[in-house]
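Structural overview
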Amino acid sequence: MQGSSEFEQLQITIPTGDVAYIKAGHGEPVVYLHHSWGSPGALPFHHNLIATGFSTTIPDMPGWGGSTRPVWARDVRDIAILIGIAIDTLGLGPVTLIGAGFGGYVAAELATMSPSRIARLVLMGAVGLYPDEGEILDQMMLSHRQYIQESFRDRQTYVEHFGEEPDAQIRTLWDLSREMTARVSWKPYMHNRRLQHLLPNVTCPSLIVYGEKDKVAPRSLAQQFEKILPNAKLELVPNAGHLVEFEEPKVVADLVCEHMRRCS
């Protein structure tokens, strides 16, 4: 995990091992859960959040990055349970929980299990439901580079973030992350049919953010989350792909901050 001059690199220990995280800012707590390919560290999106007055914590989910791998974990709900324990250990709750892509799947699972830990929910390009239309892009059928490139709106934007040849540290992160992702979300791939029956009990204010050019998570998922969650608002970001917080950091941060203020 890469840090920044404003974000402090820290670590806590929970019963199943260590959880690495970075944190910056003061004020109301925000926890961001990364995509399936791991956390690249603090992004302009996160800097926009702390500049607006929110404390932002970005953990490596257990099994990803610098956090201990729970070798026993075989389900996304296992990771959600551990994230809930980490939030309690950090003394953060209730938090605004932001989940991006696979991290949105984890966030949705946690919300169904521990609603008291979550003041607000933000799902960005989230998976976790079985799509009514279309399919979730199967990253296991592509190379790491192909999958990440498809997650952006176009190849040029991918190159702007990772270059023509990603460095060895990033390639290693992608490789180890894919192995952990396969452990917990291979069968069924990236969804849990129980979620559609459990999410109606999640009554906290929820913001659903998807890119209009998302090629990983079909738009039907955005509409399903909006329909199932009882207190949800959907925002589609023009000209953005699956990685909305990478491509449109100011737009997405403004949406999140507005959501937090409106629902305070």
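Within each chain, residues carry numbers counting from 1 in the order of the written sequence. Given that the model is predicted, a residue must reach a pLDDT of at least 70 before its local features are reported, and side-chain atom pairs must reach 80 or more before they are shown or counted; all residues, however, enter totals for whole chains, interfaces and linings. By convention in this description, side-chain values take in all heavy atoms of the structure and omit both hydrogens and water.

Things to note about the overall build of the protein
Looking only at helices and strands, the protein features 10 helices and 8 strands. Radius of gyration here is computed from C-alpha atoms only, and the compact-globule reference equals 2.2 Å multiplied by the residue count raised to the power 0.38. Here the C-alpha radius of gyration of the protein, 17 Å, is about what a compact globule of 264 residues would show, namely 18 Å. For the protein, the C-alpha atoms occupy an extent of roughly 45 × 40 × 40 Å along the three principal directions. Three exposure classes are used, based on accessible area relative to the maximum for each residue type with a 1.4 Å probe and protein chains only: buried under 20%, partly exposed in between, and exposed over 50%. Here the protein, with 264 residues, has 57% of them falling under the buried criterion. In the protein, the share of contacts with a sequence separation of at least 24, taken over all contacts with a separation of at least 6, comes to 75%. Computed by Shrake-Rupley with a 1.4 Å probe, the accessible areas treat only the displayed protein chains as cover when residues are assessed. Accessible surface, the protein: about 10,800 Å² in total, of which carbon and sulfur atoms supply 49%. Helical segments are the DSSP runs of H or I of at least four residues, strand segments are the runs of E of at least two, and each set is numbered from the N terminus. Throughout, a contact is declared for two residues whenever any of their heavy atoms are within 4.5 Å.

Brief notes about the packing of aromatic side chains
Geometry of aromatic contacts follows a simple scheme: Phe, Tyr and Trp rings, the Trp one being its six-membered ring, pair when their centres are within 6.5 Å, and the pair is stacked under 30 degrees between planes, edge-to-face over 60, tilted otherwise. Using the criterion set out here, one finds 11 aromatic pairs in the structure. Ring centres 6.1 Å apart and planes at 65° place the aromatic pair Phe 152 and Tyr 158 in the edge-to-face group. The two residues Phe 152 and Tyr 158 agree in class, both being buried. Through a chain of ring-to-ring contacts, the aromatic side chains of Trp 37, Phe 152, Tyr 158, Phe 162, Trp 174 and Phe 246 assemble into a single cluster.

A closer look at the state of the cysteines
Throughout, disulfides are identified as pairs of cysteine sulfur atoms within 2.5 Å of each other. This model, assessed by the stated rule, comprises 0 disulfides. This cysteine, Cys 263, is not joined by any disulfide, and Cys 204 carries the nearest cysteine sulfur, 9.2 Å off.

Let's talk about the sheet that holds strand β5 (residues 95-100)
For two strands to pair, DSSP has to find at least two bridges joining them. Pairing within the open sheet is mixed, and its 8 strands lie in the order β1-β2-β4-β3-β5-β6-β7-β8. Edge strands, defined here as strands with exactly one partner in the open sheet, are β1 (8-14) and β8 (232-237). On average, each strand axis in the sheet is tilted by 25° relative to the strand beside it, whichever way the strands run. Pairing of strand β7 (residues 206-211) with β8 involves 6 bridges; the strand directions are parallel. Looking across to β8, one finds that Gly 211 is bridged to Val 237. Along the sheet face, helix α2 (residues 76-90) touches β1, β2 (17-24), β3 (28-33), β4 (54-59) and β5 and points at about 110° away from the line of β1. Helix axes are fitted to C-alpha atoms over the stretch in contact, other axes to C-alpha atoms as well, and angles between N-to-C directions run from 0 to 180 degrees.

A closer look at the packing of α2 against helix α3 (residues 102-113)
Packing of α2 against α3 brings their axes to within 8 Å, and their N-to-C directions diverge by 70°. As far as their axial angle goes, α3 and α2 are roughly perpendicular. In this structure, α2 uses Val 76, Arg 77, Ile 79, Ala 80, Ile 81, Ile 83, Gly 84 and Ile 87 to contact α3, whose residues at the interface are Phe 102, Tyr 105, Val 106, Glu 109, Leu 110, Thr 112 and Met 113. Under the scheme applied here, ten amino acids are nonpolar (Ala, Val, Leu, Ile, Met, Phe, Trp, Tyr, Cys and Pro), four are charged (Asp, Glu, Lys and Arg), and all others, including Gly, are polar. The class makeup of the residues in the contact of α2 with α3 is 11 nonpolar, 2 polar and 2 charged. Here the word oblique covers every angle except those under 35 degrees (roughly parallel), over 145 (roughly antiparallel) and from 65 to 115 (roughly perpendicular).

A word on the environment of Thr 16
Along the chain, Thr 16 turns up in the loop between β1 and β2. Its relative accessible area of 32% is what places Thr 16 among the partly exposed residues. Beyond its immediate sequence surroundings of up to four residues, Thr 16 is in contact with Thr 68, Trp 72 and Leu 82.

A closer look at unusual backbone geometry
Of note, the bond from Lys 187 into Pro 188 is cis; its omega dihedral lies within 30 degrees of zero at -5°. A positive phi angle, close to 60°, is found at Asn 239, a residue other than glycine. With respect to the helices and strands, the residue Asn 239 is situated in the loop between β8 and α9 (244-247).

Quick notes on the pattern of salt bridges
A pairing counts as a salt bridge when a side-chain nitrogen of Lys or Arg comes within 4 Å of a carboxyl oxygen of Asp or Glu. Scanning the model with the defined rule gives 13 salt bridges in all. Residue Arg 171 is joined to Glu 165 by a salt bridge in which the shortest nitrogen-to-oxygen separation is 3.4 Å. The salt bridge involving Lys 250 is made with Asp 254; its shortest N-O contact spans 2.8 Å. Of this pair, Lys 250 and Asp 254 both sit in helix α10 (residues 249-262), 4 residues apart, which is roughly one turn of that helix. What makes Asp 254 partly exposed here is its relative accessible area of 38%. Ionic contacts of the salt-bridge type, sharing partners, join the residues Arg 69, Glu 179 and Arg 183 into one network.

Looking at α3
The span one expects for a helix is its residue count, reduced by one, times 1.5 Å. Taking 1.5 Å of rise per residue, the 12 residues of α3 would be expected to cover 16 Å, and the 17 Å separating its terminal C-alpha atoms lies within 8% of that figure. Within α3, 11 of the 12 residues are buried, which leaves the element mostly enclosed by the surrounding structure.

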